[in-house]
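Chain by chain, the residues:
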Amino acid sequence: PPYAAVFFVTDRPKLAENYTEDTWLKLRDAVGAIQNSTSIKYNLEELYQAVENLCSYKVSPTLYKQLRQVCEDHVQAQIHQFREYPLCSLDNLSFLKRMNRCWQDHCRQTIMIRSIFLFLDRTYVLQNSLLPSIWDTGLELFRSHIVSDSAVQKRTVDGILEQIELERNGETVDRSLLRSLLGMLSDLQVYKDSFEERFLIETNRLYAAEGQRLMQERDVPEYLHHVARRLDEENDRIVSYLDQSTQKPLISCVEKQLLGEHMTAILQKGLSTLLDENRVTELAVLYQLFSKVKGGLSTLLQFWRDYIKSFGGEIVCTPEKDKDMVQELLDFKDKMDNVAQSCFARNEGFINAMKEAFEAFINKRPNKPAEFIAKYVDSKLRAGNKEATEEELERILDKIMIIFRFIHGKDVFEAFYKKDLAKRLLVGKSASVDAEKSMLSKLKHECGAAFTSKHHDPIQTGTCNIYKHINYMQNQSEPSNIELTVNILTMGYWPSYTPMEVHLPPEMVKLQEVFKLFYLGKHSGRKLQWQPTLGHAVLKAEFKEGKKELQVSLFQTLVLLMFNEGEEFSIEEIRTATGIEEGELRRTLQSLACGKARVLNKNPRGKDVEDGDRFNFNNDFKHKLFRIKINQIQMKETVEEQVSTTERVFQDRQYQIDAAVVRIMKMRKTLSHNLLVSELYNQLKFPVKPGDLKKRIESLIDRDYMERDKETPNQYHYVA
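Residues numbered from 1 in each chain as written. Predicted model: local features only at pLDDT ≥ 70, side-chain atom pairs only at ≥ 80, totals over all residues. Heavy atoms only, no water.

Enquirer: Can you walk me through the overall build of the protein chain in this structure?
Expert: When you go through the protein chain residue by residue, the secondary structure sums to 29 helices and 11 strands. Within the span of the protein chain, comprising 720 residues, buried residues form 42% of the whole. Nonlocal contacts in the protein chain, meaning residues at least 24 apart in sequence, comprise 69% of its contacts between residues at least 6 apart. Of the roughly 40,100 Å² that the protein chain leaves accessible, carbon and sulfur atoms contribute 50%. (Helix = DSSP H or I, 4+ residues; strand = E, 2+ residues; numbered from the N terminus. Buried < 20%, exposed > 50% of the residue type's maximum accessible area, 1.4 Å probe, protein only. Contact = heavy atoms within 4.5 Å. Areas by Shrake-Rupley, 256 points an atom, 1.4 Å probe, with all protein chains shown as cover.)

Structure below.
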């Protein structure tokens, strides 16, 4: 059943006065022994119990006050050894060691005293929020009586700064000593005011002077590595002995003085050299360092963009480099891509800046880059190009397309590419149909189907509209021993070629006439125009070594067939007999008598064909192959041909401008000059000058497609 319990509590009897006094004397002796590093005469448990008894009998305030006084007297006695210490700078290190020893002793003593007076600390002190703990009391006394002394504090901080400066100059210092002393300042809560402010001022001064000096003495790669090493050193100091709170202002100080103050000078002095020499390691260091400084990357990006424009502009705008322009552009693009990827951390801003710079410099010289890119493509897609495998050729074409994207006047590229493509297909010089189709596919993907629609027909025409002798000779009463193959080309899809009259053998003339009758009999209303410059043949020849087959051009054929009628001929005799134009004849004879496969002998010997040279059949000709292809030496594209192609592009542009103007005016009916020009710039895909647009507008007004407003001359009206 429930019950109630009653307890009676009575106060303990008060301690005798002499007991309290004796106990305190015992405790004071123990504290003194601890402070003087002598042995304690009493058992620690006994001392702890004595403190507990005193606290239990309401003498805690007195005990706390007496303990504080004893500790304060001891700390005050320590200050004299530092005030009287010699002021010679050579003694700074020993001063720091004495200070550290004093601090370490103080900490050890305070810990021992606290362990004895733990009951006091956890009862009386804990219950009085205004009273510092025994440990905090120890810190407060050391701070107020020793470290806060202006002379002692200055000497201590001076000594620490001196040691850090020595270490920065390459000397070895006692890091554990620095770690202990800086930990002391931090524990005493004077680190920021007494040390950090002065430390940052000294650091600022040191690196400001060092930056100015080294920028003049060292080249940029050395300087960058020095800055990186300095930053590593300072980060190591933070880990080793500085307070963590110092990291941000310290590193910012170093970066500002060694980098921020010299960004423009560093880039002006060394960026071009680093990029020219492809110093990827130093460029990576440069990027990493500049990424840490405010405004560093934006400054680097601007210099990077300017470098690309300058270097690339020199490639494009120097006529002496035209021959190697495209290859140099490809190499330069590869180099800059590698820098952006491996050195600039694939930063999207740098990649975009590179694209903008390429587009800017490649269009500083209108039309020419497009022309040379088309010729470069032609050189890579020609048969006999042994430089690359199919995979390598595909990679080259992909790289070319990257450069192609930067060009504004893509119609110039189209004109030259179309002309070269036709020549490759017609004379059988194409490396492969697959490679041609791959290039056309890339162009279609880049520019749309309309860009390449005209280029697919030549490939189809070149492979489908072929007539062999069987189709039209089967009903002839006099069969020929010559196999004739004819390619029929639709003029609208192929470039025009200048007709050249040559003297064909009677057998060939007869075959031409037979084919003409056959073809025109099947297709009425058409006209055939023969192109001997594009013809080729296979000849059977007999040498001492045996029979061979020679795969040659039509001009080479006409020259070689002459030697069925005679042993030796002069260049004048050959020209008269064949009717081949002089320059073409010289190239033809050079290919037959001066190349690798010399089926003719030239007298006198030499690499070039000169007036007065005579030629005879080389009966001693030897070759390991049965069928030998003798390449015709290609005539370089003449200035007239280049001008003609460029003029055709210019004319096409006039038509496109006219069509765009009419299209816009038909839709808008009325438009101001400025708005019309703005619309034209948006629609036209090639660069055009305002003056050219004005001329086309005037032309359309003259042809009554549009008219000026009678009251406002800058206003146009569409004429239906």
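Enquirer: Where do I start with the environment of glutamate 582 in this structure?
Expert: Positionally, glutamate 582 belongs in helix α26 (residues 582–593). Between the alpha carbons of glutamate 582 and isoleucine 571 there is a distance of 9.4 Å; along the sequence they are 11 residues apart. Those residues in contact with glutamate 582 that lie beyond four places of it in its chain are Arg575 and Asp611. In terms of polar contacts, glutamate 582 uses its side chain to reach the side chain of arginine 586, at 3.0 Å. (Polar contact = N/O pair within 3.5 Å; in protein donor to acceptor, adjacent residues only side chain to side chain.)

Enquirer: Would you mind going over the sheet that holds strand β6 (residues 600–603) with me for this structure?
Expert: Strand-to-strand pairing in sheets goes through backbone hydrogen bonds, with the strands running parallel or antiparallel. A sheet is described by the order of its strands in space; here three strands give the open sequence β5-β7-β6, paired in antiparallel fashion. In this open sheet, the two edge strands, each paired with only one partner strand, are β5 (568–570) and β6. Ignoring which end each strand starts from, the neighbouring axes of this sheet average 25° apart. In this sheet, strand β7 (residues 614–617) lies alongside β6 in antiparallel orientation, the contact comprising four bridges. Bridging from a neighbouring strand, lysine 602 pairs with phenylalanine 615 of β7. The strands that helix α25 (residues 571–578) touches are β5 and β7; relative to β5, the one it contacts most, it runs at about 90°. (Pairing = 2+ DSSP bridges. Axes fitted to C-alpha atoms, helices over the stretch in contact; angles between N-to-C directions.)

Enquirer: Mind showing me how you'd approach the pairing of strand β4 (residues 546–553) here?
Expert: With eight bridges joining them, strand β3 (residues 536–543) and β4 adopt antiparallel strand pairing. Bridging across to β4, alanine 537 finds its partner in valine 552. Following β3, the chain reverses through two residues before pairing antiparallel with β4. Alignment of β4 against strand β8 (residues 627–629), held across three bridges, turns out to be parallel. Opposite leucine 550, over in β8, you have isoleucine 628 as the bridge partner.

Enquirer: Would you take a moment to explain a negative patch on the surface for this structure?
Expert: Taken together, the side chains of Glu390, Glu391, Glu392 and Asp434 present a region of like negative charge at the surface. Sorting elements by how many residues they give to the negative patch places helix α18 (residues 390–405) first, with three residues. Turning to its location among the elements, glutamate 390 is positioned in helix α18. (Patch = residues over 30% accessible without salt bridge, like charges linked within 9 Å, V, L, I, M, F, W, Y side chains within 5 Å. Salt bridge = Lys/Arg side-chain N within 4 Å of Asp/Glu carboxyl O. Lys, Arg positive; Asp, Glu negative; His and termini not counted. Charge placed at Lys NZ, Arg CZ, Asp CG, Glu CD.)

Enquirer: Would you explain the confidence of the model for the protein chain in this entry?
Expert: Do not read the predicted coordinates in detail wherever pLDDT is low. In this model, the protein chain carries an average pLDDT of 82, and 87% of its residues clear a pLDDT of 70 or more. This stretch, residues 455–475, has a pLDDT under 50; its non-local contacts, to residues over four places away or in other chains, come to 50 contacts. (pLDDT = per-residue confidence, 0-100.)

Enquirer: Can you walk me through helix α2 (residues 44–56) in this structure?
Expert: In an α-helix, one full turn covers 3.6 residues, which means residues spaced three or four apart are oriented alike. Here α2 spans 18 Å end to end across 13 residues, near enough to the 18 Å set by a 1.5 Å rise per residue. Sitting at the head of α2, asparagine 43 places a side-chain oxygen 2.7 Å from the backbone nitrogen of glutamate 45. After α2 finishes, the residue lysine 58 shows a positive phi value of roughly 65°. (Expected span 1.5 Å × (residues − 1).)

Enquirer: Looking at this model, I keep getting lost on the sheet that holds strand β11 (residues 715–718). Mind explaining?
Expert: Taken in spatial order, the three strands make up an open sheet running β9-β11-β10, and their pairing is antiparallel. Edge positions in the open sheet fall to β9 (670–672) and β10 (706–708), since each of these has one partner strand only. Direction aside, the axes of adjacent strands within the sheet are offset by 25° on average. Seen against the sheet, helix α28 (residues 673–683) touches β9, β10 and β11 and runs at an angle of roughly 90° to β9. Seen against the sheet, helix α29 (residues 690–702) touches β10 and β11 and runs at an angle of roughly 105° to β10.

Enquirer: Sorry if this is basic, but what is going on with the packing of helix α14 (residues 296–317) against helix α16 (residues 348–362) here?
Expert: To characterise two packed helices, one gives the angle between the axes of the helices and the distance between these axes. Closest axis-to-axis distance for the α14/α16 pair is 8 Å, and the angle between their directions is 30°. Relative to α16, α14 is oriented roughly parallel. Regarding α14 and α16, the two cross each other, and that crossing is right-handed. Each of Leu297, Leu300, Leu301, Trp304, Arg305, Ile308, Lys309, Gly312, Gly313 and Val316 in α14 lies in contact with α16, whose residues at this interface are Gly349, Phe350, Ala353, Met354, Glu356, Ala357, Phe358, Ala360, Phe361 and Ile362. Looking at the contact of α14 with α16, its residues break down into 14 nonpolar, three polar and three charged. (Parallel < 35°, antiparallel > 145°, perpendicular 65-115°, else oblique. Left-handed = near helix turned anticlockwise from the far one by under 90°. Nonpolar A, V, L, I, M, F, W, Y, C, P; charged D, E, K, R; others polar.)

Enquirer: Got a minute to help me understand the pairing of β11 in this structure?
Expert: Both faces of the sheet carry side chains from a regular strand, because those side chains alternate between them. By the bridge criterion, three bridges tie β9 to β11 in an arrangement that is antiparallel. Across the sheet, the residue bridging to threonine 670 is histidine 717, located in β11. As paired elements, β10 and β11 share three bridges and run antiparallel to each other. Counterpart to arginine 708 in the pairing with β11 is tyrosine 716.

Enquirer: What should I look at first to understand the state of the cysteines in this one?
Expert: Such a bond, covalent and formed between the sulfur atoms of two cysteines, is termed a disulfide. Per the counting criterion, the structure on display carries zero disulfides. Looking at cysteine 102, it has no disulfide partner, and the nearest cysteine sulfur is the one in cysteine 107, 9.5 Å off. (Disulfide = S-S within 2.5 Å.)

Enquirer: Honestly, the packing of aromatic side chains in this entry has me stumped. Any pointers?
Expert: Describing an aromatic ring pair means giving the distance of the ring centres and the angle of the ring planes. In the structure shown here, the tally under the stated rule is 24 aromatic pairs. Both rings, one in phenylalanine 82 and one in phenylalanine 95, keep their centres 5.8 Å apart while their planes meet at 75°; by these two values the pair is edge-to-face. A residue pair is termed long-range when its members are at least 10 positions apart, and phenylalanine 82 in helix α3 (residues 60–83) and phenylalanine 95 in helix α4 (residues 92–116) qualify at 13 residues. Taken individually, phenylalanine 82 and phenylalanine 95 each receive the classification buried, so the pair is uniform in this respect. Where phenylalanine 332 meets phenylalanine 361, the ring centres are 6.4 Å apart and the plane angle is 55°; that geometry is what we call tilted. Of this pair, phenylalanine 332 sits in helix α15 (residues 325–342) while phenylalanine 361 sits in helix α16, and the two are 29 residues apart along the sequence. In this structure, phenylalanine 332 and phenylalanine 361 share a single accessibility class: buried. Here the guanidinium or amino end of arginine 155 rests over the ring plane of phenylalanine 95, the centre of that ring lying 4.8 Å away. Just above the ring of phenylalanine 358 sits the side chain of lysine 333; from NZ or CZ to the centre is 5.9 Å. (Phe/Tyr/Trp six-rings, centres within 6.5 Å; stacked < 30°, edge-to-face > 60°. Lys NZ or Arg CZ within 6 Å of the ring centre and 35° of its normal.)

Enquirer: For this particular structure, what's the right way to read the nonpolar core?
Expert: If you look at soluble globular proteins, the nonpolar side chains tend to sit buried side by side. Membership of the largest hydrophobic core comes to 133 residues, with the highest contact counts inside it found for Phe117, Phe195 and Trp304. Beyond its immediate stretch of four places on either side in the chain, tryptophan 304 contacts Leu271, Leu275, Met336, Val339, Ala340, Phe344, Phe350, Ala353 and Met354. Counting residues in hydrophobic clusters, the runner-up holds 29 residues, among them Val559, Leu592, Ala597 and Phe621. (Core = buried A, V, L, I, M, F, W, Y, C linked by side-chain atoms within 4.5 Å.)

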